[in-house]
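Spelled out from the first residue to the last, the chains are:
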Amino acid sequence: MDKKLFLGDEAIAQAAIDAGLSGVYSYPGTPSTEITEYIQQKTKGSNIHSRWCANEKTAMEAALGMSYAGKRTLCCMKHVGLNVAADCFMNASMSGINGGMIILSADDPSMHSSQNEQDNRVYGDFAMIPMLEPSNQQEAYDMVYEGFDLSEKLGYPILMRITTRMAHSRSGVITREQKKQNEIHFPADGRKRYILLPALARVRFRELLTAQDIFTKASEDSKYNRYFDGPNKKLGIITTGIAFNYLSENSENDFAHPVLKICQYPLPEKLLEKIASECDELLILEEGYPFVEAKLKGFPGKGLVVHGRLDGTLRRDGELNPDVVGRALGKNTEQHYHIPEIVEQRPPALCKGCGHRDVYDALNEIVGEYENAKVFADIGCYTLGALPPFRAIDSCIDMGASITMAKGASDAGVHPAVAMIGDSTFTHSGMTGLLDCVNENANVTIIISDNETTAMTGGQDSAATGRIESICKGIGVNPEHIRVVVPLKKNYEEMKKMIKEEVEYKGVSVIIPRRECIQTLTRKNKKKEA
Ligand SMILES: Cc1ncc(C[n+]2csc(CCOP(=O)(O)OP(=O)(O)O)c2C)c(N)n1
Ligand code: SF4
């Protein structure tokens, strides 16, 4: 046993390694990225798979394949990544697993670095699989360490949901003994479970429905779901995940009211019945959507008075913190956790010398010549082209949407319809959209701004490096309209001319401005010097 100071993400990663992990399959996304990076660092040279995947769907499918072979596997992503992996996710709840499988979703309430604040507990509920939601870093470690056993015992993947502060704050964590990896072994009833033909899937779905009582019993018996008695029963408080920490910060040694701490789902019905019958009213403290609150409002025949995000006791959006929780408890809390003005007012910007800057300067000049030009952008550093001084883009919806939105707009008659996408985003989910464009010879100009890395999430390897031209050719783009340029001031006129020519070309064209991200380049150079 060792005590270490860990980020939540690091605690999860270390626990997976200690629990006999054979492979982590992930695509980067804040606040989940550090889990895979930690495993990459700590297991270099070992037989544990840790290379980044092309997207979250390929990651989850590979993880399911490893689990099929009997080994323990972890699959990590940010919350919106689960939308991409949802097809596999929903169907993995039908097939079940063989080797223990934990799917880690890092949600981002308050949208510190995301385009929405979806609460992925809804997905766990949707797929009807057990979920874990730690209240602190030690629990995150323990849940993962024991979670593979739980997954193997129940026969289903486990969804573990964390939020930004859990991922990115530190605490002392006691680690446990290293377990051996599982040997390869196959499921005895493999073909009945993993071939989801309708006749077999119907059987599996009934089994999943039957398993719900077992999952609920596991929640009721779980050490992570705890009832704490308190003297004032006018109010009972239910917390989920990290909200328990925030409540504890607002409490003296003991709780003034009964508290039900929920960190394992499905909801522990008996414990809920206990607190509902003992207390006059309930206050629900949960990070994200009013997930528990909404279920309790419909609790059959109880007529419960339930306070939370739905009745305005807490804000409907945004993350919780100890102050927000204090105010919901009726305390006049000072705002300890306000954002310093100097930070709040600093807008994000592309780094000085970034290649995306040169691309936007040239693009702005060319599209400025057309009345109805639209630039459909995507997700990455280049999304910052939305802000001054560039104001160069008209959309950013989800990874890959630039190419397909440009196609749809072009179908509607927009010209020029330009897509602006990064290299990693292109291989994540832009390639299939390019195929749609090629199949219909859509009149679109696609700029794949290639900085040879996944810069926005910290410079992870990009699956596209060294192969964008061949991918485009393979998909069927006319090689004459695959153009490469180095986005530097000295090539500015050449870049403008290229964009103009391809915008005027009636068909699919791809322009690849290629220059390494200066941040990754600087890091590489520093390493060389050291
Ligand atoms: C579905 C999904 N997965 C992951 C992310 C996190 N994320 C945002 S941008 C990005 C990749 C950016 O890389 P690239 O397209 O190469 O552009 P760059 O930042 O390098 O300019 C990632 C992984 C996300 N927003 N959505
Ligand atoms: S990190 Fe790299 S890609 Fe992102 S803005 Fe800075 S230089 Fe550009």
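Source: prediction; values computed, not measured.

Calculation rules
- Residues numbered from 1 in each chain as written.
- Chains lettered and ligands numbered in written order.
- Predicted model: local features only at pLDDT ≥ 70, side-chain atom pairs only at ≥ 80, totals over all residues.
- Heavy atoms only, no water.
- Helix = DSSP H or I, 4+ residues; strand = E, 2+ residues; numbered from the N terminus.
- Buried < 20%, exposed > 50% of the residue type's maximum accessible area, 1.4 Å probe, protein only.
- Contact = heavy atoms within 4.5 Å.
- Areas by Shrake-Rupley, 256 points an atom, 1.4 Å probe, with all protein chains shown as cover.
- Lys, Arg positive; Asp, Glu negative; His and termini not counted.
- Charge placed at Lys NZ, Arg CZ, Asp CG, Glu CD.
- Pairing = 2+ DSSP bridges.
- Axes fitted to C-alpha atoms, helices over the stretch in contact; angles between N-to-C directions.
- Salt bridge = Lys/Arg side-chain N within 4 Å of Asp/Glu carboxyl O.
- Near = heavy atom within 4 Å.
- Nonpolar A, V, L, I, M, F, W, Y, C, P; charged D, E, K, R; others polar.
- Expected span 1.5 Å × (residues − 1).
- Polar contact = N/O pair within 3.5 Å; in protein donor to acceptor, adjacent residues only side chain to side chain.
- Patch = residues over 30% accessible without salt bridge, like charges linked within 9 Å, V, L, I, M, F, W, Y side chains within 5 Å.
- Phe/Tyr/Trp six-rings, centres within 6.5 Å; stacked < 30°, edge-to-face > 60°.
- Lys NZ or Arg CZ within 6 Å of the ring centre and 35° of its normal.

Side note on the overall build of the protein
The number of helices and strands found in the protein is 21 helices and 18 strands. Counting only C-alpha atoms and orienting by the principal axes, one finds that the protein spans roughly 75 × 60 × 55 Å. The proportion of buried residues among the 530 residues of the protein is 56%. Sequence-distant contacts, at least 24 apart, represent 78% of the contacts inside the protein between residues at least 6 apart. Accessible surface for the protein amounts to roughly 23600 Å². Of this, 52% is attributable to carbon and sulfur atoms. Across the protein, the mean location of the 61 positive side-chain charges is 4 Å away from that of the 70 negative side-chain charges.

Regarding the sheet that holds strand β13 (residues 305–307)
The sheet built from five strands is open, its strands ordered β8-β10-β9-β12-β13 with mixed pairing. Each edge of the open sheet is held by one strand with a lone partner, namely β8 (226–228) and β13. When strand polarity is set aside, the average angle formed by the axes of neighbouring strands in this sheet is 20°. Note: strand β12 (residues 281–285) against β13, three bridges, orientation parallel. Bridge pairing in β13 links Leu283 to His307. Across the sheet, helix α12 (residues 269–278) touches β8, β9 (235–240), β10 (259–262) and β12, and the angle it forms with β10 is around 155°.

What to know about the pattern of salt bridges
Tallied over the full model, the rule gives 40 salt bridges. One salt bridge in this structure joins Glu133 and Arg161, with 2.6 Å as the shortest N-O distance. Note that Glu133 is positioned in the loop between β5 (131–132) and α7 (137–154) and Arg161 in strand β6 (residues 158–163), a separation of 28 residues in sequence. Lys489 is the salt-bridge partner of Asp361, the closest N and O atoms lying 3.6 Å from each other. Of this pair, Asp361 sits in helix α16 (residues 355–367) while Lys489 is found in the loop between β17 (482–485) and α20 (492–504), placing the two residues 128 residues apart along the sequence. Given a relative accessible area of 28%, Asp361 falls into the partly exposed group. Under the relative-accessibility criterion, Lys489 is labelled exposed at 55%. When salt bridges that share partners are traced, they join Asp107, Asp119, Arg121, Glu133, Arg161 and Glu286 into one network.

Looking at the site of ligand 2
Lining the immediate environment of ligand 2, one finds Leu350, Cys351, Cys354, His356, Cys381, Asn451, Ala455, Cys517, Ile518 and Gln519. Grouping the constituent residues of the shell around ligand 2 by class yields seven nonpolar, three polar and no charged.

A few points about α7
Its 18 residues give α7 an end-to-end C-alpha distance of 24 Å, which sits within 8% of 26 Å, the value for a rise of 1.5 Å per residue. Most of α7 sits inside the fold, with 13 of its 18 residues counted as buried. Put simply, Asn136 is the residue that caps the front of α7, since its side-chain oxygen is 3.1 Å from the backbone nitrogen of Gln138. Immediately beyond the C-terminal end of α7, within one or two residues, lies Gly155, with a positive phi of roughly 85°.

Regarding a nonpolar patch on the surface
Together, Tyr68, Ile184 and Phe186 give the surface a local cluster of nonpolar side chains, amounting to about 320 Å² of exposed area. Counting through the fold element by element, Phe186 comes out in the loop between β7 (170–175) and α9 (190–194).

Notes on the pairing of β12
The element β12 is extensively covered by neighbouring structure, given that four of its five residues are classed as buried. The pairing of β9 with β12 spans five bridges and is parallel. Counterpart to Ile237 in the pairing with β12 is Leu283.

Some remarks on the packing of aromatic side chains
Counted according to the given criterion, the structure contains eleven aromatic pairs. The interplanar angle of 50° and the centroid separation of 6.0 Å between the aromatic rings of Tyr68 and Phe186 together place this pair among those described as tilted. Of this pair, Tyr68 sits in helix α3 (residues 56–68) while Phe186 sits in the loop between β7 and α9, and the two are 118 residues apart along the sequence. Ring geometry for Tyr265 versus Phe291: centroids 5.8 Å apart, planes at 75°, classification edge-to-face. With Tyr265 in strand β11 (residues 264–265) and Phe291 in helix α13 (residues 291–297), the pair connects residues that are 26 residues apart, well separated along the chain. Three or more aromatic residues link up through ring pairs in this structure, and these residues are Tyr68, Phe186 and Tyr194. Just above the ring of Tyr227 sits the side chain of Lys274; from NZ or CZ to the centre is 4.6 Å.

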